[in-house]
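Tertiary structure, described
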Amino acid sequence: MANHFIGYQSGRGFLYQLSGASKLIFFILVSVACMTTYDTRLIAVVGLSSLILFKMADIRWKQISFVIKFIGFFALLNVLMVYVFEPSYGEHIYGAKTVLWQGYGRFYLTSQELFYLFNLALKYFCTVPLAVLFLMTTHPSQFASSLNQIGVPYKVAYAVSLTLRYIPDVQEEFYMIRMSQEARGLELTQKEKLMKRVKGNLQIIIPLIFSSLKRIDMVSTAMELRRFGKNKKRTWYTYKNFTVADILTITVSVILVLITVLLFEWNHGRFYNPWQ
């Protein structure tokens, strides 16, 4: 069951040796670059590079399948909603109209609309894998010390560390409550109808919230008893200096941002237009 949790998992390789701060800077800059541009070439390269990084980190499909399927569902839902509200948006962007399907009434499909929707969906699979990689290859304590190292107050850094630590705990608590409900006769597998499964999972949310609040109260009380926050500075057991690999990682992210800016100039805007 632990293999299905999205959280830090120890491993060997290039990504595990990087500082948490450099990975965070890389993730933020690359995400901003990919979300602000609609150049298919750039976001496709970043998406393929994310798959290569998964291979390098030795992260298996069964560990991330639930998250990828969940994100894929919302990406598909978003694409459908965009098409429903404005089926001709693509032709306005690219200044051309190549009808692929005549459709009915205001609903028809053009190559330009399909290309725009493809880019929109591709953005999800360009940024979400990077976020998953960051969570699964970054130790919370080492990440907190790295944040404090680049100037973030240690209270904020420690709060981020607790958040990262708490993600697997919430997932474990969710599965435990779910198994308890199934042991009491509540059917939550694929054998049951979709709406009943949705209602059954909603019944898990309330006990999950109360257990989370109890855990938060225990942690905050323990920190107060240990006089957390009394001093202006603190030392870190997992402190790590920036290495050449960290500097190269940050440099690559900055280069990607600069490429995005150049693409804005070359494309005369955010969109790459193959019909020009």
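As a starting point, this report considers the structure included with it.

What counts and how
Residues numbered from 1 in each chain as written. Predicted model: local features only at pLDDT ≥ 70, side-chain atom pairs only at ≥ 80, totals over all residues. Heavy atoms only, no water. Phe/Tyr/Trp six-rings, centres within 6.5 Å; stacked < 30°, edge-to-face > 60°. Helix = DSSP H or I, 4+ residues; strand = E, 2+ residues; numbered from the N terminus. Buried < 20%, exposed > 50% of the residue type's maximum accessible area, 1.4 Å probe, protein only. Lys NZ or Arg CZ within 6 Å of the ring centre and 35° of its normal. Core = buried A, V, L, I, M, F, W, Y, C linked by side-chain atoms within 4.5 Å.

**Examining the packing of aromatic side chains**
- Counted according to the given criterion, the structure contains twelve aromatic pairs.
- Ring plane angle 10 degrees and centroid distance 6.3 Å describe the contact between F27 and F134, whose orientation is recorded as stacked. Pair noted here: F27 is in helix α2 (residues 20-36) and F134 is in helix α6 (residues 111-137), with a separation of 107 residues, a long-range link.
- Overall, the relative accessible area of 10% leaves F134 in the buried class.
- Over the aromatic face of F107 sits the side chain of R106, whose NZ or CZ is 4.9 Å from the ring centroid.
- Across the ring face of Y38, the terminal group of K123 is positioned such that the distance to the ring centre comes to 4.2 Å.

**Thoughts on the nonpolar core**
- By size, the foremost hydrophobic cluster in this structure holds 25 residues, and its most contacted members are V30, V46, I59, I64, V132 and L133.
- Of all elements in the fold, only α1 (14-17), α2, α3 (40-56), α4 (61-85), α6 and α10 (244-267) reach the threshold of two or more residues within this core.
- A per-element tally of this core places α6 first, with seven residues.
- Core analysis: the next-biggest nonpolar cluster, separate from the first, contains nine residues, F143, A144, A157 and W236 among them.

On their own, these measurements won't tell you what the molecule is for.
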